[in-house]
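Residue strings, one per chain:
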Amino acid sequence: MQSTLKEMRNGHSVLDMDDVSAVGGGVEDAYGEDRATEDQLVTPWTVSVASGYTLLRDPHHNKGLAFTEKERDAHYLRGLLPPVVLSQELQERKLMHNLRQFKVPLQRYMAMMDLQERNERLFYKLLIDNVEELLPIVYTPTVGEACQKYGSIFRRPQGLYISLKEKGKILEVLKNWPEKSIQVIVVTDGERILGLGDLGCQGMGIPVGKLSLYTALGGVRPSACLPVTIDVGTNNEQLLKDEFYIGLRQKRATGQEYAELLHEFMSAVKQNYGEKVLVQFEDFANHNAFELLSKYRQTHLVFNDDIQGTASVVLAGLVAALKLVGGTLADHTFLFLGAGEAGTGIAELIALEISKKTKAPLEVTRKKIWLVDSKGLIVRSRKESLQHFKKPFAHEHEPAKGLLDAVRAIKPTVLIGTSGVGKTFTKDVVEAMASFNKKPLILALSNPTSQSECTAEEAYTWSEGRAIFASGSPFDPVEYNGKVFVPGQANNAYIFPGFGLGLIMSGAIRVHDDLLLAASEALAVQVTEENYEKGLIYPPFSNIRKISAHIAANVAAKAYELGLASRLPRPQDLVQFAESCMYSPIYRSYR
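Per an unreviewed UniProt entry, the recorded name for the protein is Malic enzyme, and the organism is Davidia involucrata. In UniProt, the protein has this text filed under Function (unreviewed entry): "The chloroplastic ME isoform decarboxylates malate shuttled from neighboring mesophyll cells. The CO(2) released is then refixed by ribulose-bisphosphate carboxylase. This pathway eliminates the photorespiratory loss of CO(2) that occurs in most plants." Database annotation for the protein, UniProt heading Sequence similarities (unreviewed entry): "Belongs to the malic enzymes family."

Spelled out as structure tokens, the structure:
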């Protein structure tokens, strides 16, 4: 290990530091997963040294037909494989060819999950090298359909299922997981999966998908990732009647019973994995999401992707868009359709960024931001009946019934959709935006594609090609009046993998709002002139690992500045350190 860590890259030590035990944020690299160990010979340990049939069935170490002649002799593989030896590149080409034969995205999803269970490194090699093509398969929109049908397509369990049956025994359940050095946990209770509602235990597709992106896009080792589903029942009648449903067949537990189970889980996580394990809350319903974040952010390293991740990626897009629309954030007026986790999370981060830049108090900067919920424009006269997270945005104004009335009254320069309801940015709404804005900024963020507030084609056509558009799920390029517009994707996958890596590699102990602003700033500066010329306010995903390294470095730098980092001494070159810590899917050579 020592000799590899001293390996020189571009004339510098790969870690730029003396403490060689801390590759990847202080957790031992048991499987030789980091980029810094690419050239190191490793031993394929499971409980003992894996060999023969066991080795071929271990996804950490299996290389399929890529085992060399020497390895086949050393590890008793003779006769268990056909005689040909293939390179990893050839395996990748074959698999991509096979995947493209599937016409149904869900079939591709199932093929990718099978590959992940069979040959982990090849799965990540495929995903990293073909990220723009495969991201919509392992993540939104296809993962939404996979969750809806999870019971029917279920083959092998992935992650940990913690239900009410395990109450009082959660620490024991965590100890059942084979990996002991966990750095990131993504947990859901399945109550609000994307824009699809309560999918109960079948929401496991979300933590599994998110963590595969932590590895592929952010370079966090697969062995350090743990997907968890908390099953407290479901209120989805269709699932309760489905013979293939894999979860508890009961109505959702609420109140004290729910709170006690979550508290036991959070305490057990800290007891089993320590202070620095990142817990990412994913797709909890509004009432629980805000409560859990505020309850545990002072005692645990927690992050809610729906509230904070979405906010950070949208803020980055808005900052980048200023080069196209002009002015500063403080010069713009923002109108949201949807006042739940995503909407209020984005609104609060925008207000915070304007406050930092202008030195104006938050109470003042929030007045630039207006929200519309199911009952119309949120105004002061409604304040008594509002949920607590909506109240800061209840400003003095006449009531407005629907979105169109609100657009005409407020005259926003930026329209943001987080409603989870499709087709709500109607022709009248987009035309109204275009009537008083030279370049209206329209973000239709709801997922999956079917729930998007409008399509890219509608936004460009109804605004006569003047809109700057981005969405939560991907849309194909649009040709309008002879010009090709490439819609951007305000995808949380830009932020959370790099953000998580930054927390891990700095040994951060808490998530501060300034770390989210640092992530946004790092993403915004990655947009090039070439991207702007196409109307893009986000960089292409093809460079995502480079982008993630810069986000991680910026987040880590801010953690050190705020005194939240526990990993000392601070590496001299944080970008280089981030890159050296990243998981590499290249096959290792076995002794």
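Undergrad: I'm lost on the sheet that holds strand E6 (residues 278-281) in this one. Help?
TA: One open sheet holds the 5 strands; their spatial order is E3-E5-E4-E6-E7, and the pairing between them is parallel. Sheet topology places strand E3 (160-163) and strand E7 (301-304) at the edges, where each strand pairs with a single neighbour. Neighbouring strand axes in the sheet, compared pairwise and without regard to direction, differ in orientation by 25° on average. Bridge count between E3 and strand E5 (residues 225-231): 4 bridges; the pairing is parallel. Across the sheet, Tyr-161 pairs through a bridge with Thr-229, a residue of E5. Sitting on the sheet, helix H14 (residues 255-273) is in contact with E3, strand E4 (184-188), E5, E6 and E7, with an inclination near 160° to E5.

Undergrad: Help me out: how do you make sense of the packing of aromatic side chains in this one?
TA: Inspection of every chain in the model, using the stated rule, returns 14 aromatic pairs. Between Phe-123 and Tyr-124 the ring centres are 4.8 Å apart and the planes differ by 85°, which places this aromatic pair in the edge-to-face class. Tyr-124 shares its class with Phe-123; the two are buried. The ring of Tyr-590 is capped by Lys-63, whose NZ or CZ atom sits 4.7 Å from the centre of that ring.

Undergrad: Explain the UniProt feature "active site" (unreviewed entry) in the protein to me, please; I cannot follow it from the model alone.
TA: Feature annotation in UniProt places "active site" (unreviewed entry) on Tyr-139 and Lys-210, given in this structure's numbering. Of the residues just listed, which span 72 residues, no C-alpha pair is farther apart than 7.3 Å, and they cluster in one region. Structurally, Tyr-139 is set in the loop between helix H8 (131-138) and helix H9 (142-148). Residue Tyr-139 is classed as buried on the basis of its relative accessible area of 8%. Every residue in contact with Tyr-139, bar those within four places of it in the chain, is listed here: Lys-210, Leu-213, Asp-305, Asn-491, Asn-492, Ala-493 and Phe-496. Take Lys-210: it is sitting in helix H12 (residues 205-218). The class of Lys-210 is buried, set by a relative accessible area of 3%.

Undergrad: When you look at the packing of helix H6 (residues 105-118) against helix H7 (residues 120-129) in this model, what are you seeing that I'm missing?
TA: In a packed pair of helices, the relevant descriptors are the angle between the two axes and the axis-to-axis distance. Across the interface, H6 lies against H7 with an axial gap of 5 Å and an inter-helix angle of 135°. The orientation of H6 relative to H7 falls into the category oblique. Note on element contacts: H7 touches H6 through Glu-120, Leu-122, Phe-123, Tyr-124 and Leu-126, opposite Met-112, Met-113, Leu-115, Gln-116 and Arg-118. Partitioned by chemical class, the residues of the contact of H6 with H7 number 7 nonpolar, 1 polar and 2 charged.

Undergrad: Would you mind showing me how to read the domain arrangement of the protein here?
TA: As a measure of interface size, the accessible area lost when the parts come together is often cited. Considered domain by domain, the protein is made up of domain 1 (47-86), domain 2 (141-300), domain 3 (308-490) and domain 4 (494-527 + 539-581). The C-alpha-based centres of domain 2 and domain 4 are spaced at 25 Å. Sorting the residues of domain 2 by area buried against domain 4 places Leu-217, Lys-276 and Arg-297 first, and these three jointly supply 35% of that buried surface. On the surface where domain 2 and domain 4 come into contact, there are 2 salt bridges. We note a salt bridge from Asp-513 to Arg-297, for which the minimum N-O separation is 3.3 Å.

Undergrad: Can you help me understand the confidence of the model for the protein in this one?
TA: Caution is warranted with low-pLDDT regions, since their predicted coordinates should not be read in detail. Of the residues in the protein, 95% reach a pLDDT of 70 or more, and the chain-wide mean stands at 92. Every residue in residues 1-26 scores below 50 in pLDDT, and together they form 54 contacts with partners more than four places removed in sequence or on other chains.

Undergrad: It is not clear to me how the packing of H7 against H12 should be interpreted in this structure. Could you clarify?
TA: Remark: H7 packs on H12, axes separated minimally by 9 Å, with the N-to-C direction vectors making an angle of 75°. Put simply, H7 runs roughly perpendicular to H12. Contact with H7, carried on its side by Phe-123, Tyr-124, Leu-127 and Ile-128, involves Leu-211, Ser-212, Leu-213, Thr-215 and Ala-216 of H12 and no other residues of that element. For the contact of H7 with H12, the class distribution of residues is 7 nonpolar, 2 polar and no charged.

Definitions and limits used
Residues numbered from 1 in each chain as written. Predicted model: local features only at pLDDT ≥ 70, side-chain atom pairs only at ≥ 80, totals over all residues. Heavy atoms only, no water. UniProt positions renumbered as here; feature names shortened; annotations may be inferred. Pairing = 2+ DSSP bridges. Helix = DSSP H or I, 4+ residues; strand = E, 2+ residues; numbered from the N terminus. Axes fitted to C-alpha atoms, helices over the stretch in contact; angles between N-to-C directions. Contact = heavy atoms within 4.5 Å. Phe/Tyr/Trp six-rings, centres within 6.5 Å; stacked < 30°, edge-to-face > 60°. Buried < 20%, exposed > 50% of the residue type's maximum accessible area, 1.4 Å probe, protein only. Lys NZ or Arg CZ within 6 Å of the ring centre and 35° of its normal. Parallel < 35°, antiparallel > 145°, perpendicular 65-115°, else oblique. Nonpolar A, V, L, I, M, F, W, Y, C, P; charged D, E, K, R; others polar. Domains from an automatic or database assignment. Buried area = accessible area lost by both parts, 1.4 Å probe. Salt bridge = Lys/Arg side-chain N within 4 Å of Asp/Glu carboxyl O. pLDDT = per-residue confidence, 0-100.

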